[in-house]
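Residue-level structure breakdown
Here are the chains, one letter per residue:
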Amino acid sequence: MNATTHKQHLLNKLYEPYKKCKGCHFKMPLATQIVFGEGNPDTKILFIGEAPGREEDLQGKPFVGRSGKLLTRILESAKAPRETIFITNVVKCRPPNNRRPLPAEIAANKPLLIGQIKIINPQIICTLGSSAFEALIGRPVKITKERGKPFSWNGITVLPTYHPAYILRNPKELETLVRDINTAINLSFK
Ligand code: URA
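Here is a short report on the structure shown in this document. As the structure is a computational prediction, the values presented were derived from the model and not from experiment. (Residues numbered from 1 in each chain as written. Predicted model: local features only at pLDDT ≥ 70, side-chain atom pairs only at ≥ 80, totals over all residues. Heavy atoms only, no water.)

**What to know about the layout of surface pockets**
In this model, the largest pocket occupies a volume close to 600 Å³. Taken together, 28 residues form the lining of the largest pocket, with Glu-50, Ala-51, Ser-67, His-163 and Ala-165 sitting closest to its centre. Mapped by element, the contributors of at least two residues to the lining of the largest pocket are helix H3 (54-59), helix H4 (66-77), helix H6 (130-137) and helix H8 (164-169). With 4 residues, H8 is the largest single contributor of residues to the lining of the largest pocket. For the lining of the largest pocket, the class distribution of residues is 11 nonpolar, 9 polar and 8 charged. Of all elements in the fold, only helix H5 (103-120) and H6 reach the threshold of two or more residues within the lining of the second largest pocket. Sorting elements by how many residues they give to the lining of the second largest pocket places H5 first, with 4 residues. Tallied by class, the residues present in the lining of the second largest pocket amount to 6 nonpolar, 2 polar and 4 charged. (1 Å grid on protein atoms, 1.4 Å probe; cavity = no way out; pocket = protein on both sides within 12 Å on 5 of 7 lines; lining within 4 Å. Points joined across faces, edges and corners; volume = space filled by probe spheres on them. Helix = DSSP H or I, 4+ residues; strand = E, 2+ residues; numbered from the N terminus. Nonpolar A, V, L, I, M, F, W, Y, C, P; charged D, E, K, R; others polar.)

Spelled out as C-alpha cells, the structure:
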C-alpha cells in the first residue's frame with residue numbers, strides 16, 4: 001500500500017463514525033450531508049476553510065461554489081492544482097444561512113479536523129479566513145493583522161490568509177490572497 005492509499009484508508013476509518021452523526025443537523029437544518037474534504041491525503045500542504053455553503057452541501061465537496069472557483073483558479077496558477085493538495089473546512093456541515101459557525105459547532109468538529117491533520121501530517125497549513133485560523137490557535141484574531149505571517153502550531157507551519165469569499169467582496173485584496181497562497185505553496189515545496 002503506498003502512502004496515499006494508506007492515508008486515504010485511515011481517513012475513511014476516521015470518517016466512518018461521523019457518517020451517522022446527526023448532532024449538528026438539528027441546529028443546521030440546511031445541511032443535507034457532511035462535507036469531509038477532498039484531495040491528495042499525502043500532500044505537504046493542507047488548506048482549511050470555514051464551513052460548506054449551499055453548493056458544497058449539494059455536491060458533498062469543499063470549495064466548489066463561487067469562492068471555491070476562485071480558490072481553484074489561484075491554486076492552478078500557483079502550479080498546485082486541487083488534486084495535488086487537500087482541502088477541508090473547520091466545520092463539516094452547512095450552517096443555516098451560511099452564518100459563521102458557532103464556537104460550540106467549531107468545538108464539536110475539532111476532533112475530526114485534528115484527526116485529519118494527524119493523518120495527512122502536512123508541512124504547511126494554509127488557513128482561509130479568520131474562523132479557520134482561530135479554530136487552530138484557539139483565540140480570536142484580526143485576519144487583516146495576522147495574514148501572511150507564518151505561525152508555528154504543533155510543529156506545523158500555519159500560514160493564515162483571507163477567505164476567498166472576502167476577496168469576492170473586496171477584489172482589491174486579490175493580489176494579497178494570491179501572494180499568500182503562493183508563499184504557502186512555495187514553503188511546502190522546500
Ligand atoms: N467557504 C468555505 O469556507 N468552505 C467551503 O467549502 C466553501 C465556502
